[in-house]
Amino acid sequence: MADQYRQLQAHTGYDFSAAIKLLEHLPVFMDGDHHMRVRKAMARQIAGSQKCQFSAAVEKLDDLIATKLLPATKIDLVADFAGPLWWAVSSSIVLRSPATVRLVDDIPGLFNPILSLSKRLDISKRIDAVLRLAGEDAEEELILMGIATLGARPFAGSISLSLYEIIQKNAGKQFSDIAWPEIFPATSLRFVDRICLNPVTIGDNSFEAGEWVRCFAQRGDYTREENNAALFGFGVHSCLGKSISERVWKLVTEKLSQLPLSATPLDLVISLHTDPFYMAQSAYVQLI
């Protein structure tokens, strides 16, 4: 991804150096020694704040139950529930100002194939402003910004999609009577793209070095066991947020199962051009 912005910079003459620096600190786009160095730095930051992350999740979830999950209320599972829950958790990892909150929300737009040149440039300039403010700590800021960027859509997207799917399958049923799954039944990250470094054969398919391969982690024709096994990825690219995501999901389902509520699905709108993420723009349900 960073190479694409180098090409864009060379073609247009615009300065995308800040965007390139950030993209070079997103493990999903890297391999080799630099990938492992950045990944280890992110893992240390996440591990060192796990207790704070979970405490923040408990506090925010209690607040959402008291203020949002009320009978005869229409709520958006994205904006009113999953989004606020993610920002509570991530704020325990990355301290942010309102400006950086908006920036982290916008950074995934850099992956959008139809985003305008002016908006790409604006995001890069805002990244540059944060890095200049960080000064000698710019490298650490890139690590923290990368954690917040990579976690937002998988966490909030998977929670909102999962809750909507469960409510859809159990419309009108009391939350206490629902068999809440132990793992996310739906995920916002269903595939990743990779470039073969060497010739390889997988099953009946052969790929040459340099070929672009789309690797599906979640598909309708996979078994539930296969989808569950691939939910957080494999090997050196497995999700660093697996532990906190599983703990928060268990917390959410335990809390919801204790509420004297039921719900019916109203409207699910999927965002366009958010590959590789399958994101709900909104997911409205009616609480009863």
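Residues numbered from 1 in each chain as written. Predicted model: local features only at pLDDT ≥ 70, side-chain atom pairs only at ≥ 80, totals over all residues. Heavy atoms only, no water.

Undergrad: Explain the overall build of the chain to me, please; I cannot follow it from the model alone.
TA: Across its full length, the chain holds ten helices and seven strands. By the compact-globule yardstick of 19 Å for 288 residues, the chain fits well, its C-alpha radius of gyration being 20 Å. Across the 288 residues in the chain, those meeting the buried criterion constitute 43%. In the chain, of all internal contacts separated by at least 6 residues, the share reaching a separation of at least 24 is 67%. When the accessible surface of the chain is summed, it comes to about 15000 Å², and 54% of that surface belongs to carbon and sulfur atoms. Each charge class in the chain was averaged separately, 29 positive and 33 negative side chains, and the resulting centres sit 3 Å apart. (Helix = DSSP H or I, 4+ residues; strand = E, 2+ residues; numbered from the N terminus. Rg over C-alpha atoms; globule rule 2.2 N^0.38 Å. Buried < 20%, exposed > 50% of the residue type's maximum accessible area, 1.4 Å probe, protein only. Contact = heavy atoms within 4.5 Å. Areas by Shrake-Rupley, 256 points an atom, 1.4 Å probe, with all protein chains shown as cover. Lys, Arg positive; Asp, Glu negative; His and termini not counted. Charge placed at Lys NZ, Arg CZ, Asp CG, Glu CD.)

Undergrad: Explanation requested: the sheet that holds strand 1 (residues 74-76) in the structure shown.
TA: Within a sheet, adjacent strands bond to each other through the backbone by hydrogen bonds, running parallel or antiparallel. Read from one edge of the open sheet, three strands run 1-7-6, paired in antiparallel fashion. Two strands lie at the open edges of the sheet, namely strand 1 and strand 6 (263-270), each paired on one side alone. Averaged over all adjacent pairs, the angle separating strand axes in this sheet is 20°, with direction ignored. The strands touched by helix 8 (residues 138-169) within the sheet are strand 6 and strand 7 (280-287), with strand 6 carrying the most contacts at an inclination of about 135°. (Pairing = 2+ DSSP bridges. Axes fitted to C-alpha atoms, helices over the stretch in contact; angles between N-to-C directions.)

Undergrad: How do you make sense of the side chain of T253 when you look at a structure like this?
TA: With respect to the helices and strands, the residue T253 is situated in helix 10 (residues 242-256). Among the polar contacts listed, one links the side chain of T253 to the backbone oxygen of K250, at a separation of 3.0 Å. Filtering out sequence-adjacent residues up to four positions away, T253 remains in contact with W180 and P181. (Polar contact = N/O pair within 3.5 Å; in protein donor to acceptor, adjacent residues only side chain to side chain.)

Undergrad: Hey, could you run me through the state of the cysteines in this one?
TA: Think of a disulfide as a covalent bridge from one cysteine sulfur atom to another cysteine sulfur atom. Summed over the entire model, instances satisfying the criterion amount to zero disulfides. Looking at the unpaired C196, the closest cysteine sulfur is the one in C215, lying at 7.8 Å. A relative accessible area of 14% means that C196 is categorised as buried. (Disulfide = S-S within 2.5 Å.)

Undergrad: Help me understand the nonpolar core in this model?
TA: One recurring pattern in soluble globular proteins: nonpolar side chains tend to sit buried together. Formed by 75 residues in total, the largest nonpolar core has its most connected members in I127 and I159. Ignoring any residue separated from it by four or fewer positions in sequence, one finds I159 in contact with F81, A82, L85, F184, V248 and W249. (Core = buried A, V, L, I, M, F, W, Y, C linked by side-chain atoms within 4.5 Å.)

Undergrad: Help me understand the environment of P27 in this model?
TA: Relative to the assigned elements, P27 resides in the loop between helix 2 (17-23) and helix 3 (32-47). Separated by 202 residues in the primary sequence, P27 and A229 place their C-alpha atoms 21 Å from one another. The residues touching P27, leaving out its near neighbours within four places in the chain, are H35, V38, R39, M42, L150 and H237.

Undergrad: What is the right way to look at the packing of aromatic side chains in this model?
TA: Two measures describe an aromatic ring pair: the distance that separates the ring centres and the angle between the ring planes. If you walk through the whole model with that rule in mind, you get seven aromatic pairs. Cation over ring: K74 sits above Y284, and NZ or CZ is 4.8 Å from the ring centre. Geometry around Y278 places R190 over its ring, the cationic atom sitting 4.0 Å from the centre. (Phe/Tyr/Trp six-rings, centres within 6.5 Å; stacked < 30°, edge-to-face > 60°. Lys NZ or Arg CZ within 6 Å of the ring centre and 35° of its normal.)

Undergrad: Is there a simple way to explain helix 5 (residues 77-91) in this structure?
TA: One turn of an α-helix holds 3.6 residues; hence residues three or four places apart share an orientation. With 15 residues, helix 5 extends 20 Å from end C-alpha to end C-alpha; this agrees with the ideal 21 Å at 1.5 Å per step. Of all the bends in helix 5, the largest measures some 30° and sits at G83, one to four residues before the proline P84. The element helix 5 is extensively covered by neighbouring structure, given that twelve of its 15 residues are classed as buried. Residues of helix 5 that are buried include every one of L77, V78, D80, F81, A82, G83, L85, W86, W87, A88, V89 and S90, and no others. (Expected span 1.5 Å × (residues − 1). Bend = angle between axes of the 7 residues up to and from the residue.)

Undergrad: Can you walk me through the pairing of strand 7 in this structure?
TA: The two faces of the sheet receive side chains in turn, since in a regular strand these alternate between them. Bridge analysis of strand 1 against strand 7 gives three bridges, and the strand direction is antiparallel. Note that in strand 7 the partner of D76 across the bridge is Y284. In this structure, strand 6 lies alongside strand 7, joined through seven bridges in antiparallel fashion. Bridge pairing in strand 7 places I270 opposite A280.

Undergrad: Explain the environment of R6 to me, please; I cannot follow it from the model alone.
TA: Mapped onto the secondary structure, R6 falls in helix 1 (residues 2-12). Setting aside its immediate chain neighbours within four residues, R6 contacts I20 and E24. For R6, the side chain forms a polar contact with the side chain of D3, separated by 2.5 Å.

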